[in-house]
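Residue-level structure breakdown
What follows is the residue order along each chain.
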Amino acid sequence: MRIRVLTFARLRELVCSPERLLELPAGASVEDAWSALARAFPALDAERGCTRAACNGRLVAFDQRLADGDELALLPPVGGG
Amino acid sequence: MFAIARDPIGPHVLDEIARAGDGGIVAFVGVVRDRSDDGRPVDGLSYEAFEPMALQAFEDIARDARERFGDVRVGIVHRTGSLRVGDVAVVVAASAPHRAAAFAACAYAIDEVKRRAPIWKKEAYADGSARWRENTPA
């Protein structure tokens, strides 16, 4: 299945693009998507603990299963205001 | 009103959240400071937002403010893009029949924007370096 991964701020810089398509096996979780991305961009490893994930606009846990066509947003610690 | 603004935020924001018959509006206007929290001279900022989730967060915050403080209306506008020292970064306004609720709702809403909204800030310094800065829990 294919999911769209959105990254922001520091994470966006680390993966060199605000948006990436990931090809994952059916049943893959957010954690699997993160691992696939971190294999390509090892600097992500240090960011895992402070990153939150949102699937199709809703915050989800990393063990959440993904579905084909999902939009996964990876959110570093916020700094607005 | 809830908005992510790519262009400078003007005073019309207050008109949009005001409601005829309300007794008062309390506004917080966040402006780019010339120093970082750790004292480094700041040249400018850039903000980026995950817009759909940020707008949803603003709506949730306004709804939560009504639940907590009663008859208040909250508007939130946040800038994105490059800002200079002195530029308006965020406006949070609360309109209510009585000032106590308006003050309380405004303070609550800006705290929650800083805590919940998927918005990120990169500080640029006079020496040409830059860092992403995260909000510390209140």
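See the structure shown above.
Residues numbered from 1 in each chain as written. Chains lettered and ligands numbered in written order. Predicted model: local features only at pLDDT ≥ 70, side-chain atom pairs only at ≥ 80, totals over all residues.

**Here we look at the overall build of chain B**
Quick reminder of the rule: Strands here are runs of E lasting at least two residues and helices are runs of H or I lasting at least four, both read from the DSSP assignment and numbered beginning at the N terminus. Between the two quantities, the radius of gyration covers C-alpha atoms and the globule rule is 2.2 Å times the number of residues to the power 0.38. To sort residues by burial, count the other C-beta atoms lying within 10 Å of each one's C-beta; a count of 20 or more means buried, 12 or fewer means exposed, and anything in between means partly exposed. C-beta atoms are built from the backbone. Here, residues touch in the contact sense if the C-beta positions derived from the backbone fall within 7 Å of one another.
Looking only at helices and strands, chain B has three helices and eight strands in total. Across chain B, helices and strands are ordered from the amino to the carboxyl terminus as β-α-β-β-α-β-β-β-α-β-β. Relative to the compact-globule value of 14 Å for 138 residues, chain B shows a C-alpha radius of gyration of 15 Å, a close match. Each of the 138 residues in chain B was classed as buried or not, and the buried ones make up 36%. A fraction of 72% describes how many contacts in chain B between residues 6 or more apart in sequence connect residues 24 or more apart.

**Comments concerning the overall build of chain A**
Across its full length, chain A carries two helices and five strands. Listing the helices and strands of chain A from first to last along the sequence gives β-α-β-α-β-β-β. In terms of C-alpha radius of gyration, chain A reaches 12 Å, essentially the compact-globule figure of 12 Å for 81 residues. Its C-alpha atoms give chain A principal-axis dimensions of about 35 × 25 × 20 Å. For chain A, with 81 residues in total, the buried portion stands at 30%.

**Some words on the nonpolar core**
Selection rule: By definition, a nonpolar core groups buried Ala, Val, Leu, Ile, Met, Phe, Trp, Tyr and Cys residues that are joined through C-beta atoms within 7 Å.
Counting residues in hydrophobic clusters, the biggest one holds 53 residues, and the most contacted among them are A94, A105 and A109 of chain B. Among all residues touching A105 of chain B, those that are not within four sequence positions of it are A65, F69, V72, V74, A94 and A96 of chain B.

**Details of the pairing of strand β2 (residues 19–23) of chain A**
Residues and elements named next belong to chain A. Going by this rule: One requirement defines pairing of two strands: DSSP has to find at least two bridges between them.
Within β2, only zero of the five residues are buried, which leaves the element largely exposed. Across five bridges, strand β1 (residues 2–7) lies against β2 in antiparallel orientation. Each bridged residue has a counterpart across the sheet, and for L6 the counterpart in β2 is E19.

**What about the interface of chain B and chain A?**
As a reminder of what qualifies: Each residue gets one label: Ala, Val, Leu, Ile, Met, Phe, Trp, Tyr, Cys and Pro are nonpolar, Asp, Glu, Lys and Arg are charged, and the others, such as Gly, are polar.
Each partner contributes to the interface: chain B provides 21 residues, whereas chain A provides 13 residues. Within the residue set of the side of chain B that touches chain A, elements represented by two or more residues are β3 (42–49), α2 (51–69), α3 (99–116), β7 (119–125) and β8 (130–133) of chain B. Partitioning the side of chain B that touches chain A into residue classes produces 12 nonpolar, four polar and five charged.

**Re the sheet that holds strand β1 (residues 2–5) of chain B**
Residue and element names in this part refer to chain B. Rules: Fitted lines through C-alpha atoms give the axes, limited to the stretch in contact for helices. The angle between two N-to-C directions lies from 0 to 180 degrees.
Pairing within the open sheet is mixed, and its four strands lie in the order β1-β4-β6-β2. Lying at the two open borders of the sheet, with one neighbouring strand each, are β1 and β2 (24–31). In this sheet, adjacent strand axes meet at a mean angle of 10° when their direction is disregarded. In terms of strand pairing, β1 meets strand β4 (residues 73–79) through four bridges, oriented parallel. Pairing of A3 across the sheet is with V77, part of β4. Those strands touched by α3 are β2, β4 and β6 (88–96), and its axis lies near 145° from that of β6.

**Some thoughts on α3 of chain B**
Residue and element names in this part refer to chain B. Put simply, the rule is: Take the number of residues in a helix, subtract one, and multiply by 1.5 Å to get its expected span.
The terminal C-alpha atoms of α3 lie 25 Å apart, and with 18 residues this matches the ideal 26 Å at 1.5 Å per residue to within 8%. Every buried residue belonging to α3 is among A101, A102, A105, C106, A109, I110, E112, V113, K114 and R116, and all of these are buried. Elements in contact with the buried residues of α3: β2, α2, β4 and β6.

**Focus on the sheet that holds strand β5 (residues 71–75) of chain A**
All names here are of chain A. The mixed open sheet is built from five strands, whose spatial order is β2-β1-β5-β3-β4. For this open sheet the edge positions go to β2 and β4 (58–60), each flanked by a neighbour on one side alone. Between one strand axis and the next, the sheet turns through 35° on average, direction left out of account.

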